[in-house]
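Coordinate inspection notes
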Amino acid sequence: MDYSIFKGRRVLVTGSTGFKGSWLCTWLLHLGANVSGFALAPADDAPLFDQLNLRDRIDQHDGDIRDMDTVRAMMIATQPEIVFHLAAQPLVRYSYDEPKLTFDTNVSGAVNLLEAVRENDSVKALVFVTSDKAYRNKEWIWGYRENDELGGHDPYSASKAAAELVFAGYQDSFFKNRPGFAAASVRAGNVIGGGDMSADRIVPDCIRAFKNGDETVLRNPQSTRPWQHVLEPLSGYMAVAARLLSDPESARGAWNFGPDAENVRTVEELTRTAIDVWGSGKLRIERDANQPHEANLLMLNSDKAKSKLGWRVHWDFTAAVTHTVSWYKRVNDGEDPIKVTDEQLDQFVGAAS
């Protein structure tokens, strides 16, 4: 893909202080974009934004996506040409503890963002990020396509399905016939990569255990996930943004960005690979019959993105885990997180060329 289309563009990333948002802001800076961010201040378990010194490198606006007045004022202040909407409550298990916050953030917050985009003529392209969990999961052994049924068992998944319906309503009512503007939704999940320290995610759990010399506890070791490095879906999001600008009619709608079948592995396989890369570590299997429901199997079919965008996966399972764990290990050993991140970006782009 030719990323030169982002050079000099005013780009807004909501959720900029999160894991994916921090990686996306860094990549856009590499491409010469004028990056603005909007998000809550980094949480205690989201150190990457500060590790990458992004507050001093982008035009960061702190605020809550649930506050319409704040979102509207931020949009007027930044006047973006391209918007990547990533702001969300992203955790399944936490959504059981805080269902209202999850729906308020992921649905009402999405409405606020869409309304601000509707009101602002500077925006030429909107990439609206939801999740693979927006699909009604039937534990199929094949991947979900963009036209499959939406739905969700848990509050997080249901909120993402609802956000897709909200987006479709704005698309049909306001966006399709708006001159000089196009929008698309994008779906991915189970990303890994350096800097994520969120609770109830297997890689951060592994890293915390490795650092402390503890065992990594697996509550459901045979759960299968389509693991991919965070840069894989981000490359897809940017490919969609570029196509929205250059050929709007071919880019509108929904897009999946999931890994190849080789990357679909169990939680136990991921943990054992991470232990190998770190060089030490132990795991313990501790099943909990009372744990909240989580899907055992959910895969995406990304044929549309491969066929129409030329998108493809660049790092297989082993490479994705190796780059992820080596990021943490190098930073833990005292290397500059910005340097490590920049090197991995260069390696990924090199593999993609």
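Each remark here, short or long, concerns the structure printed above.
Heads up: these notes are all about the structure in this document. Keep in mind that what you see is a predicted model, and the values were worked out from it rather than measured.

**Thoughts on the overall build of the protein chain**
Across its full length, the protein chain holds 13 helices and 13 strands. Computed over C-alpha atoms, the radius of gyration of the protein chain comes to 19 Å, within 12% of the 20 Å expected from 2.2 N^0.38 for 353 residues, which places it in the range of a compact globule. For the protein chain, the spread of C-alpha atoms along the principal axes amounts to about 55 × 40 × 40 Å. Of all 353 residues assigned to the protein chain, the portion counted as buried reaches 55%. Excluding contacts between residues fewer than 6 apart, the proportion of contacts in the protein chain whose partners are at least 24 apart in sequence is 80%.

**Structural notes on the nonpolar core**
The biggest cluster of nonpolar side chains holds 72 residues, and the ones touching the most others in it are Leu28, Phe84 and Phe257. If you look at the next biggest cluster of nonpolar residues, it comprises 25 residues, including Met74, Met75, Val107 and Ala163.

**Comments concerning the side chain of Asn120**
Its place among the elements puts Asn120 in the loop between α5 (99-119) and β5 (125-129). From its side chain, Asn120 meets the backbone oxygen of Met75 in a polar contact 3.2 Å long. Those residues in contact with Asn120 that sit more than four places away from it in its chain are Met75, Ile76, Gln79 and Arg178.

**Some points on helix α6 (residues 155-175)**
An ideal rise of 1.5 Å per residue puts 30 Å on 21 residues; α6 measures up with 28 Å between its terminal C-alpha atoms. The opening residue of α6, the one whose side-chain oxygen lies 3.1 Å from the backbone nitrogen of Tyr156, is Asp154.

**Considering the sheet that holds β5**
Remark on secondary structure: sheet strands pair via backbone hydrogen bonds, oriented parallel or antiparallel. With parallel pairing, seven strands are arranged side by side in an open sheet as β3-β2-β1-β4-β5-β6-β11. The sheet terminates laterally at β3 (59-62) and β11 (253-256), the two strands that pair on one side only. Pairwise comparison of adjacent strand axes, ignoring direction, gives a mean angle of 20 degrees for this sheet. Where strand β1 (residues 10-14) meets strand β2 (residues 34-39), five bridges bridge the pair, whose relative direction is parallel.

**Some points on the packing of helix α8 (residues 231-246) against helix α13 (residues 337-352)**
Between α8 and α13, whose axes approach to 11 Å, the crossing angle comes to 65 degrees. With respect to their mutual orientation, α8 and α13 come out roughly perpendicular. When the axes of α8 and α13 are compared, the crossing they make is right-handed. Contacts between α8 and α13 involve Leu231, Glu232 and Ser235 on the former and, on the latter, Gln344, Leu345 and Phe348. Taken together, the residues of the contact of α8 with α13 break down into three nonpolar, two polar and one charged.

**A word on the pattern of salt bridges**
This structure, assessed with the given rule, holds 27 salt bridges. Salt-bridge contacts for Asp64 lead to Arg66; the nearest nitrogen and oxygen are separated by 2.7 Å. By relative accessible area, Arg66 is classed as partly exposed at 39%. Here Arg265 and Glu269 are joined by a salt bridge, their closest N and O atoms 3.6 Å apart. Residue class for Glu269 comes out partly exposed when judged on its relative accessible area of 33%.

**Points about the packing of aromatic side chains**
Throughout the structure, instances matching the rule amount to 15 aromatic pairs. Consider the rings of Trp27 and Phe348, whose centres lie 5.8 Å apart with planes at 85 degrees: the pair is edge-to-face. Of the two residues, Trp27 is situated in helix α1 (residues 19-30) and Phe348 in helix α13; the sequence distance between them amounts to 321 residues. A relative accessible area of 2% places Trp27 in the buried class. With a relative accessible area of 0%, Phe348 lands in the buried category. Ring plane angle 20 degrees and centroid distance 4.9 Å describe the contact between Trp140 and Tyr144, whose orientation is recorded as stacked. Judged by its relative accessible area of 23%, Trp140 is partly exposed. For Tyr144, a relative accessible area of 1% corresponds to the buried category. Taken together, the ring pairs connect Tyr3, Trp27, Trp315 and Phe348 into an aromatic cluster. Here the basic side chain of Arg178 rests over the ring of Phe181, its NZ or CZ set 4.2 Å away from the ring centre.

**Notes on the pairing of β5**
Of all five residues in β5, five are buried, a share of seventy percent or more. Here β5 shows no split at all, with Ala125, Val127 and Val129 on one side and Leu126 and Phe128 on the other all buried. As paired strands, strand β4 (residues 82-85) and β5 are joined by four bridges and run parallel to one another. Across the sheet, Phe84 pairs through a bridge with Val127, a residue of β5. Direction of pairing for β5 relative to strand β6 (residues 182-187): parallel, over a ladder of five bridges. Bridge assignment links Val129 to a residue of β6, and that residue is Val186. Regarding topology, α6 serves as the crossover connection from β5 to the parallel β6, and that connection is right-handed.

Parameters and conventions
- Residues numbered from 1 in each chain as written.
- Predicted model: local features only at pLDDT ≥ 70, side-chain atom pairs only at ≥ 80, totals over all residues.
- Heavy atoms only, no water.
- Helix = DSSP H or I, 4+ residues; strand = E, 2+ residues; numbered from the N terminus.
- Rg over C-alpha atoms; globule rule 2.2 N^0.38 Å.
- Buried < 20%, exposed > 50% of the residue type's maximum accessible area, 1.4 Å probe, protein only.
- Contact = heavy atoms within 4.5 Å.
- Core = buried A, V, L, I, M, F, W, Y, C linked by side-chain atoms within 4.5 Å.
- Polar contact = N/O pair within 3.5 Å; in protein donor to acceptor, adjacent residues only side chain to side chain.
- Expected span 1.5 Å × (residues − 1).
- Pairing = 2+ DSSP bridges.
- Axes fitted to C-alpha atoms, helices over the stretch in contact; angles between N-to-C directions.
- Parallel < 35°, antiparallel > 145°, perpendicular 65-115°, else oblique.
- Left-handed = near helix turned anticlockwise from the far one by under 90°.
- Nonpolar A, V, L, I, M, F, W, Y, C, P; charged D, E, K, R; others polar.
- Salt bridge = Lys/Arg side-chain N within 4 Å of Asp/Glu carboxyl O.
- Phe/Tyr/Trp six-rings, centres within 6.5 Å; stacked < 30°, edge-to-face > 60°.
- Lys NZ or Arg CZ within 6 Å of the ring centre and 35° of its normal.
- Right-handed = clockwise from strand over helix to strand, strands pointing away.

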